[in-house]
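Observations on the three-dimensional arrangement
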Amino acid sequence: MASSSSSSLSRVVVKSSDNNLFVVNKKVASQSQLLKQCIDNMEEKGTNDVILIPLSNVTSNILTLVLEYCEKHADFADDDNNNQELKQWDHEFLKKFDYATLNSLTMAADYMVTKSLLNLCCQFIADSIKDLTVQQIRQIFDIKNDFTPQEEADIKNENAWAFR
Amino acid sequence: MVTSCRNDCQHVSTMVATSKDGDGGGLCLSEDLIIEILSRLPVADLLRYRCVCKSWYSVISCSDFISKHLENYYQNDRSWHGCLLALYYVTQAELNMFELSIDETPKVLASESLENRPMYGSFICGPCDGIYYLFNGCDGERERALWNPVTNELKALPPVFTKPDLPSNLAYSICEAFGFGFDPLSKDYKVVVVKCYCSEDYELAETVTLPASVFVYSLRTDSWTYCGDLSQIYEFDMPSNQCYRFLDGSYYWLLSSGAKSENDCVISFDMTIDAYQEIHTPIYEKPASRSLAIYHNSVAYLSFHEIKKDLVIWMLNEEGLWTKKFTIGPLSGIRSPIGHWKDDKLLLDSDDGRLILCDPVTQETRDLGFHSGLWCEGIFVYRESLVSLKDCSQSCQCHDEAQAHAENNRP
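Being a predicted model, the structure only gives us computed values, none of them experimental. (Residues numbered from 1 in each chain as written. Chains lettered and ligands numbered in written order. Predicted model: local features only at pLDDT ≥ 70, side-chain atom pairs only at ≥ 80, totals over all residues.)

Some points on the overall build of chain B
- Regarding its fold elements, chain B presents 7 helices and 25 strands.
- Partitioning the intrachain contacts of chain B with sequence separation of at least 6 by distance along the chain shows that 48% fall at a separation of at least 24. (Helix = DSSP H or I, 4+ residues; strand = E, 2+ residues; numbered from the N terminus. Contact = placed C-beta atoms within 7 Å.)

Here it is, written out as C-alpha cells:
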C-alpha cells in the first residue's frame, strides 16, 4: 500500500467496548477531540491506512448516540453556534433518555472529549434536578446520607430560608 | 490494513471517566462531572443540596466550585438576564428592593424589603458577584461592611483612616461617593470612597476649602489606601450616589454640584491601577435632573430638563470629550432619568413613581407596569452567588478573567 507524507484520512473505524465496529467519516469524528487527536496523530505519521480506535469505556448503544450527535453537529459545523434549529434538535435529542442513559452519555461525552455534548448533558441534568428536595436528590444520585441528624440540622439552620 | 492507534490516544485522553456506568437507574458520575452539573444550579438549590452528603457539602463550599458556579450558572441560565432589582429608599431603616423581569412581558417577580439588612440605615451599593457594600453614614460612627445576603455573611470593614495632613478644624463629612467592584487584574474585590470634609464648627460649614479625598479598600489586604485628593470642591448629593461598572474595570460617579454651581463632575476610578480622574460634564440647560448610564459601551450623561421635559444624552469618547447623541422629548410625566437597561435602553422614573423603559433611537417608551410611590434610587441586574467573605484570600481567588468579563452585568 502506497504511503504518502501528506496523507489525509477520510474515514476511521471506531470500536465499542462490546466489540462492535463503526465506520465514521472524518468530519463527524472530529466532533470528538479524542478521535480528532488520533486522526491528527496518524496523519502526521503519514499513514494512509484506515485506523481503528478502540473505546474501551463506551458501549455500542451509547456510541451510537454519541455518533448521532456528532453527525448532526458536523452538518452544522460551519454555521454559527447559536443556530436555533440545532438547539431545538439538541433538546429533543436528550429529552428521550432516562437517567441511566443520560449518565452513560455524559460519561462517554467526557471520555471522548466532546465538549459541547458534555455541556449539553450537564445543563440538561442540572435543569432536571432543580427545585428538588434533599431526599429526591439522594435517590436520583443513589447517595447515602452520611450526616448525623444533628449535623444535618445544623447545615439546614445556616440557610433555613432555602428549605422553605 | 487496519492500524491501531490506541497508544496515540492514551496520552491525549486527559478526561477519562473512571466510574462505571450507572446501573441502579440513577445518576452515578465522577466528582468532576457532579461538579459540572451542580455548577449550573441556582444558589438556593445549592444551599439545600449541601445537606445531601459530606462530599457534596465540601464540594459546594469549595472556592473553586464557587468560582465555577459564577461562570457556568450565569452563562448558561439566560433567565437572569431579564431580571433586575429596583431599589427604593423608604426611611433610614428601610430599603425596598423589587425584582422585576422585563425581557418578555414586564412583570414584578417579588417585592420585598431586603430582610434582615444587617446595618440599620445603611446605604447599599452593588451587587458585584452577589456581594453588596453597605455604608451607614447617618450617625457618628461610620460603619461599612460587605454583605452576601444569600448566605447572610457580613464582613465589617476597618474604619477609613484620617489622612495625615488634615487640618485640625476639619473632619470627614457624612457625604461620600462610593462604589464596589472587582479588579480583574489583581483578582481582588475593592471598595472606593470619595470622602469630603466639613468644618467641626457648624457655623463655618461654608468655609471648607479642602477638596474630597479618594480612598480604596482591598478585601485581600483588608485595609484602606489613600489615593489622593480631587482638584476642586464639589457638592455631594448623597442619596443619588451612583456608580456604574464599565467594561475595562473603571467605575464612574456623577458628583452633582447642586443648583448654584456651574460644574458637575464625573469621577472615574480605574480599579486595575487605583487611579481616579475628574471629567467635566457637558454644559446642560438648567434646571435639570441628571444621571449617568452606559450606552453602547460608553459612559453616557443624561440630563432631563424639568420644565421642557426633554432628555439629552451625551456620550463620552475615548479622548474624554462629550458628544451630544440624542435629544428626546418632550416626555410628559417623567421626573428623572435613572440609568440604563442592557446596552441601548434607558430607564426613567415617572412623576408618580412608575418605571419607564425608553429606546432613544425610536423614542418609544414602555411602562414597565411597576409602580412605587417612592423615589427610585437605582436599578441593578439581579445576581446572587455563593462567594464567601469569611476568608478574603479565598474569595479573591474565586475569580478569573473569564468571569470578570461575564461579570459585566450592569443593566
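Here we look at the overall build of chain A
- When you go through chain A residue by residue, the secondary structure sums to 8 helices and 3 strands.
- Element order for chain A, N to C, with α for helix and β for strand: β-β-α-α-β-α-α-α-α-α-α.
- The C-alpha atoms of chain A give 21 Å as radius of gyration, which overshoots the globular expectation for 164 residues (15 Å, by more than 25%).
- Seen through its principal axes, chain A has C-alpha atoms that stretch 75 × 35 × 25 Å.
- By residue count, 31% of the 164 residues in chain A fall in the buried class. (Rg over C-alpha atoms; globule rule 2.2 N^0.38 Å. Buried ≥ 20, exposed ≤ 12 C-beta atoms within 10 Å, placed from the backbone.)

Brief notes about helix α5 (residues 99-111) of chain A
- Spanning 13 residues, α5 of chain A covers 18 Å between terminal C-alpha atoms, matching the ideal 18 Å at 1.5 Å per step.
- With respect to burial, α5 of chain A is a largely interior element, 10 of its 13 residues being buried.
- Those residues of α5 of chain A lying buried are L102, N103, S104, L105, T106, M107, A108, A109, D110 and Y111 of chain A.
- As for α5 of chain A, its buried residues are in contact with α3 (60-75) and α6 (115-128) of chain A together with α2 (31-38) of chain B. (Expected span 1.5 Å × (residues − 1).)

Focus on the nonpolar core
- Counting 127 residues, the largest nonpolar core has L35, V66, A108, M112 and C121 of chain A together with Y133 and A300 of chain B as the members making the most contacts within it.
- It is α6 of chain A that contributes the most residues to this core, 8 residues altogether.
- The contacts of A108 of chain A, once residues within four sequence positions are left out, are V58, I62 and V66 of chain A. (Core = buried A, V, L, I, M, F, W, Y, C linked by C-beta atoms within 7 Å.)

Re the confidence of the model for chain B
All names here are of chain B.
- When pLDDT is averaged along chain B, the result is 75; 68% of the residues meet or exceed 70.
- Counting interchain partners and residues more than four positions distant, the pLDDT-below-50 stretch residues 1-23 has 46 contacts.
- Per-residue pLDDT stays below 50 along residues 392-411; that stretch engages in 55 contacts with residues further than four places along the chain or on separate chains.
- For this predicted complex, the interface confidence reaches an ipTM of 0.90, while the overall pTM sits at 0.74. (pLDDT = per-residue confidence, 0-100.)

Examining the sheet that holds strand β11 (residues 213-218) of chain B
All names here are of chain B.
- Overall, antiparallel pairing links the 4 strands, which are arranged β9-β10-β11-β12 in an open sheet. If you trace the sheet from one side to the other, it starts and ends with β9 (170-183) and β12 (223-229), each paired once. Neighbour to neighbour, the strand axes of the sheet diverge by 25° on average, direction disregarded.
- Of the strand pairs in this sheet, β11 and β12 are connected by 6 bridges, and their pairing is antiparallel. By the bridge assignment, V216 is partnered in β12 with T225. (Pairing = 2+ DSSP bridges. Axes fitted to C-alpha atoms, helices over the stretch in contact; angles between N-to-C directions.)

With respect to the sheet that holds strand β5 (residues 123-128) of chain B
Residue and element names in this part refer to chain B.
- The strand order β5-β6-β7-β8 describes an open sheet built from 4 strands, whose pairing is antiparallel. Since the sheet does not close on itself, it has two edges, and those belong to β5 and β8 (153-156), each with one partner. With strand direction ignored, the average angle separating the axes of adjacent strands in the sheet is 20°.
- As judged from the 4 bridges shared by β5 and strand β6 (residues 131-136), these two strands associate in the antiparallel manner. Residue pairing across strands places I124 opposite L134, the latter belonging to β6.

Points about the packing of α5 of chain A against α6 of chain A
All names here are of chain A.
- It is at 8 Å that the axes of α5 and α6 come closest, and there the two elements cross at 150°. Comparing their axes, α6 and α5 come out roughly antiparallel. The hand of the α5/α6 crossing is left-handed. Contacts from L102, L105, T106, A109 and D110 of α5 reach α6 at L117, L118, C121, C122, F124 and I125. (Parallel < 35°, antiparallel > 145°, perpendicular 65-115°, else oblique. Left-handed = near helix turned anticlockwise from the far one by under 90°.)

Comments concerning the pairing of strand β17 (residues 288-295) of chain B
Residues and elements named next belong to chain B.
- Along β17, 6 of the 8 residues are buried, which leaves the element largely enclosed by surrounding structure.
- In this sheet, strand β18 (residues 298-305) lies alongside β17 in antiparallel orientation, the contact comprising 8 bridges. Residue pairing in the sheet places I294 in a bridge with V299 of β18.
- Counted between consecutive antiparallel strands, the loop separating β17 from β18 contains 2 residues, among which H296 sits at a positive phi close to 45°.

Details of the environment of S39 of chain B
All names here are of chain B.
- Along the chain, the position of S39 falls in the loop between α2 and α3 (43-49).
- In this structure, the C-alpha to C-alpha distance between S39 and L166, residues 127 residues apart in sequence, is 49 Å.
- Apart from the residues lying within four places of it in its own chain, the contact partners of S39 are F65, K68, H69, N72 and Y73.

Things to note about the pairing of β9 of chain B
All names here are of chain B.
- Direction of pairing for β9 relative to strand β10 (residues 188-199): antiparallel, over a ladder of 11 bridges. Bridge pairing in β10 links F178 to V193.
- Counted along the chain from β9 to the antiparallel partner β10, the turn is 4 residues long, and its residue K187 has a positive phi close to 50°.

Concerning unusual backbone geometry
- The amide bond that connects K286 of chain B to the next residue, P287 of chain B, takes the cis arrangement and shows omega of -5°.
- Residue position: P287 of chain B is located in the loop between β16 (275-280) and β17.
- Put simply, G329 of chain B and P330 of chain B share a cis peptide bond, and its omega is 5°.
- Its location among the elements puts P330 of chain B in the loop between β20 (322-328) and β21 (334-341).
- The phi angle at D142 of chain A is positive, at roughly 55°, despite the residue not being glycine.
- Its location among the elements puts D142 of chain A in the loop between α7 (134-141) and α8 (149-158).

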